[in-house]
Amino acid sequence: MFAVLKIFLTLGLIVFLLNRKVKMGNAMLAGSGLLFVLSGLTLQHLGTALKNLVSSYSTWEILFALYFVMCLEHQLRTSGIIDGLMVTSRRLLRSDRILLPLMPAFLGFLPSLGGAIFSAPLVESASKPFNLKAETKTAINYWFRHVWEFSNPIFTSMLLASQLSGIPLSALIANMVWVTALSLVIGWLFFITPLKSRQITPQTAAATESGSIDDTGYRYIALATGPILVNFVLIVFLKLSAALSMGLVVAAMALILRQPLQEVSAMLRHALDRKLLWGIAGILFFQHILQQSGAVQEIAALLNSLAVSNAVIIGAIAFAGGILTGTAQGFVVITFPFLLALAPGDINLVMFCFVAGSAGQMLSPAHLCLLVTLDYFKADFLKTLRPIAFLEVILVAAAYVVVSLT
């Protein structure tokens, strides 16, 4: 039980600091320090965590991938491509209500570690007619970016789940695609449907009027979607790393946009957001300290010893894994050993595990997408998570009903 207590104390401190607008890097460092003390770790454990952080390929992959995503965001924003895309899209779709969820959902289909930063400016632009609060914009960007968690075949978590469970990826997706559909529906009903009564400005009304789309409009669409599609091809088909792929895309865009050296230099400086990069480093360090503490394994063992149904045990372990790691890969790796021991080959239990684990990671203060979106919109942590928590309850309840009926 002490493992549960120390984790709740650690996460409570992180949430408290984030809610007090403490920089996320400092908040994660404080949480790591508290967990270090409560777990009775030694300097040797600290040295191992630091060594693993610095020497890990994934650490530098994440940092460089995010850095290049921020470079691309700067290119699209300062060149007028984002504004041009929004005007053109409004004329094609004639609805900002559609644009609000469409932009993060479209960009969320590509698993990019820094994708939340990329879609946030588009949500900001599409939300202007509705005068939304920062927390609402954050929640919309955050929610619709993750609707593909249960059906995207190129997500690492899906590939891991298929490999560890022995269930074919196609069968796994077919059994969980309804969760993506439900996520889209309840997200639309909760966030988008109420916007129909909002006041739209005359400027926006004029922008949404039908009109011909000239070559410039189509050029904006190509320049906005092209980098995403090219990145998709480079990662999925050519098997390049995310950092290398994004670096090549940024270099190609610099040539296409004919950026002078002065603009390239300004872009590279702008993308070097020390506060954000420090925050990411803090998250990664926290995960290494968490691994050294052994708290995850202790909690998993405790839950596994309880005399309750397999669904409750698996759901609780997956949810705890999602909360603690803030990643889909994290809860998959933590949960699936228990799932295989309790009910090997149970595809419905795999589905419930995924839904419960995703709920945990969506509510985790260590979730990178949440933190970078909060930072972009300057939103309140707890106020943002309230509607997200409500929607996650709906998903988990629906998944539990499905498991119970099978």
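Up top is the structure.
Given the structure is predicted, the values throughout are model-derived calculations rather than measurements.

Caption draft 1: Broad picture of the overall build of the protein. Along the backbone of the protein there are 21 helices and zero strands. Across its three principal directions, the C-alpha atoms of the protein cover 65 × 50 × 45 Å. When each of the 406 residues of the protein is scored for burial, the buried share is 52%. For the protein, long-range pairs separated by at least 24 residues make up 80% of all intrachain contacts whose partners lie at least 6 apart in sequence. By element, 67% of the accessible surface of the protein is carried by carbon and sulfur atoms, the whole surface being about 17,900 Å². Side-chain charges of the protein comprise 25 positive and 17 negative groups, with the mean position of each set lying 5 Å from the other.

Caption draft 2: Here's a closer look at the pattern of salt bridges. Counted by the stated rule, this structure contains two salt bridges. Close ionic contact of Lys137 with Glu124 constitutes a salt bridge, the shortest N to O distance being 3.1 Å. Taken together, the positions of Lys137 in helix H8 (residues 134-145) and Glu124 in helix H7 (residues 115-126) put the pair 13 residues apart, joining distant regions of the chain. Given the relative accessible area of 25%, Glu124 is considered partly exposed.

Caption draft 3: Representation of the packing of aromatic side chains. A complete count under the given rule lists seven aromatic pairs for this structure. Three or more aromatic residues joined by ring pairs make a cluster, and in this case those are Phe190, Phe191 and Phe390.

Caption draft 4: Fine view of a positive patch on the surface. On the surface, Lys21, Lys133, Lys383 and Arg386 cluster together to form a positively charged patch. Turning to its location among the elements, Lys133 is positioned in the loop between H7 and H8.

Caption draft 5: The arrangement of the environment of Ile280 in detail. Tracing the chain through its elements places Ile280 in helix H15 (residues 274-293). According to the relative accessible area criterion, Ile280 is buried, its value standing at 1%. In sequence terms Ile280 and Leu371 are 91 residues apart; their C-alpha atoms lie 9.0 Å from each other.

Caption draft 6: Representation of a nonpolar patch on the surface within the structure. Taken together, the side chains of Leu92, Leu93, Ile98, Leu102, Phe106, Tyr218 and Leu229 define a hydrophobic patch exposed on the protein surface, amounting to about 620 Å² of accessible area. Listing elements by their share of the nonpolar patch, those giving two or more residues are helix H5 (81-93), helix H6 (96-108) and helix H12 (215-236). The biggest single contributor to the nonpolar patch is H6, with three residues. Mapping Leu93 onto the fold places it in helix H5.

Caption draft 7: Structural detail: the side chain of Thr138. Locating Thr138 in the fold gives a position in helix H8. Residue Thr138 is classed as buried on the basis of its relative accessible area of 0%. Of the polar contacts made by the side chain of Thr138, one reaches the backbone oxygen of Ala134; its length is 2.8 Å. Ignoring sequence-local partners within four residues, the contact set of Thr138 consists of Thr373, Leu374, Phe377, Ala379 and Thr384.

Caption draft 8: Region of the structure containing helix H2 (residues 24-38). If you check H2, its first and last C-alpha atoms are 21 Å apart, about what 15 residues at 1.5 Å a residue would give, namely 21 Å. For H2, the set of buried residues is Met24, Gly25, Ala27, Met28, Gly31, Ser32, Leu35 and Phe36. Looking one or two residues beyond H2, the residue adopting positive phi is Gly40, at roughly 65°.

Caption draft 9: Quick peek at the packing of helix H17 (residues 310-325) against helix H18 (residues 328-342). It is at 7 Å that the axes of H17 and H18 come closest, and there the two elements cross at 160°. Between H17 and H18, the interaxial angle falls into the category roughly antiparallel. H17 and H18 meet at a crossing whose hand is right-handed. Contact residues: Asn310, Ile313, Ile314, Ile317, Ala318, Gly321, Gly322 and Thr325 in H17; Gly330, Phe331, Ile334, Thr335, Phe338, Leu339 and Leu342 in H18. Here the residues of the contact of H17 with H18 are counted per class, giving nine nonpolar, six polar and no charged.

Caption draft 10: View of the nonpolar core. In terms of nonpolar packing, the biggest core is built from 124 residues, with Leu100, Trp143, Phe191, Ile280 and Ile388 touching the most fellow members. Not counting chain neighbours up to four residues away, the residues in contact with Ile388 comprise Ala139, Tyr142, Trp143, Phe191, Met362 and Leu363.

Caption draft 11: Region of the structure containing the packing of H17 against helix H19 (residues 347-362). Across the interface, H17 lies against H19 with an axial gap of 7 Å and an inter-helix angle of 35°. Judged by the twist between their axes, the crossing of H17 over H19 is right-handed. Across the interface between the two elements, Asn310, Ala311, Ile314, Gly315, Ala318, Phe319, Gly322 and Ile323 of H17 pack against Leu349, Phe352, Cys353, Ala356, Gly357, Ala359, Gly360 and Gln361 of H19. Classifying every residue of the contact of H17 with H19 by side-chain character gives 10 nonpolar, six polar and no charged.

Caption draft 12: The arrangement of the environment of Ala397 in detail. Along the chain, Ala397 turns up in helix H21 (residues 381-405). In the structure, Ala397 is positioned 304 residues away from Leu93 in sequence and 34 Å away in space, judged by C-alpha atoms.

Caption draft 13: Representation of the side chain of Lys6. Note that Lys6 resides in helix H1 (residues 2-19). Those residues within four positions of Lys6 in sequence are excluded, and the remaining contacts are Leu35, Leu38, Ser39, Ser293, Ala295 and Glu298.

Caption draft 14: Summary view of the environment of Leu195. Summarising the element assignment, Leu195 is placed in the loop between helix H10 (169-192) and helix H11 (202-208). Judged by its relative accessible area of 4%, Leu195 is buried. Along the sequence, Leu195 and Phe130 sit 65 residues apart, while their C-alpha atoms lie 6.9 Å from each other. Ignoring anything within four residues of it in the chain, the contact list for Leu195 reads Arg97, Leu100, Phe130 and Leu132.

Cut-offs and rules
Numbers given to residues run from 1 along each chain, matching the order in which its sequence is written. Local features in a predicted model are, by the rule used here, given only for residues with pLDDT of at least 70; side-chain atom pairs are given and counted only at 80 or more, and totals for whole chains, interfaces and linings are based on all residues. For side-chain calculations, the full set of non-hydrogen atoms in the structure is used, while hydrogens and water are omitted. Comment: elements are numbered from the N terminus, with helices defined as DSSP H or I runs of at least four residues and strands as E runs of at least two. Relative accessibility under 20% of the residue-type maximum defines a buried residue, over 50% an exposed one, and the middle range a partly exposed one, all with a 1.4 Å probe and only protein chains included. In this description, contact between two residues means that some pair of their heavy atoms is separated by no more than 4.5 Å. Only the protein chains shown count as covering a residue, and every accessible area follows the Shrake-Rupley method with a 1.4 Å probe. Charged residues are defined here as Lys and Arg on the positive side and Asp and Glu on the negative side; His and the ends of the chain fall outside this count. Where a charge sits is defined by one atom per residue type, namely NZ (Lys), CZ (Arg), CG (Asp) or CD (Glu). We count a salt bridge whenever a side-chain nitrogen from Lys or Arg sits within 4 Å of a carboxyl oxygen from Asp or Glu. Here a Phe, Tyr or Trp ring, Trp counted by its six-membered ring, pairs with any other such ring whose centre lies within 6.5 Å, and the pair is stacked when the planes are under 30 degrees apart, edge-to-face when over 60, and tilted otherwise. Each patch is built from residues lacking any salt bridge and having more than 30% relative accessible area; the joining distance is 9 Å for like charges and 5 Å for nonpolar side chains (Val, Leu, Ile, Met, Phe, Trp, Tyr). N or O atoms within 3.5 Å of each other form a polar contact, as long as, within protein, one can give a hydrogen and the other can take it, and as long as residues adjacent in sequence are counted only when both atoms are side-chain atoms. Multiplying 1.5 Å by the helix residue count minus one yields the expected span of that helix. To obtain an axis, a line is fitted to C-alpha atoms, over the contacting stretch when the element is a helix, and the angle between two such axes runs from 0 to 180 degrees between their N-to-C directions. Working definition: roughly parallel below 35 degrees, roughly antiparallel above 145 degrees, roughly perpendicular at 65 to 115 degrees, and oblique for all remaining angles. Helix crossings get a hand from a simple test, with the near helix turned counterclockwise from the far one by less than a right angle marking a left-handed crossing and a clockwise turn marking a right-handed one. Ten residues, namely Ala, Val, Leu, Ile, Met, Phe, Trp, Tyr, Cys and Pro, are considered nonpolar, four, namely Asp, Glu, Lys and Arg, are considered charged, and the remaining ones, Gly among them, are considered polar. Side-chain atoms within 4.5 Å link the members of a nonpolar core, which is a set of buried Ala, Val, Leu, Ile, Met, Phe, Trp, Tyr and Cys residues.

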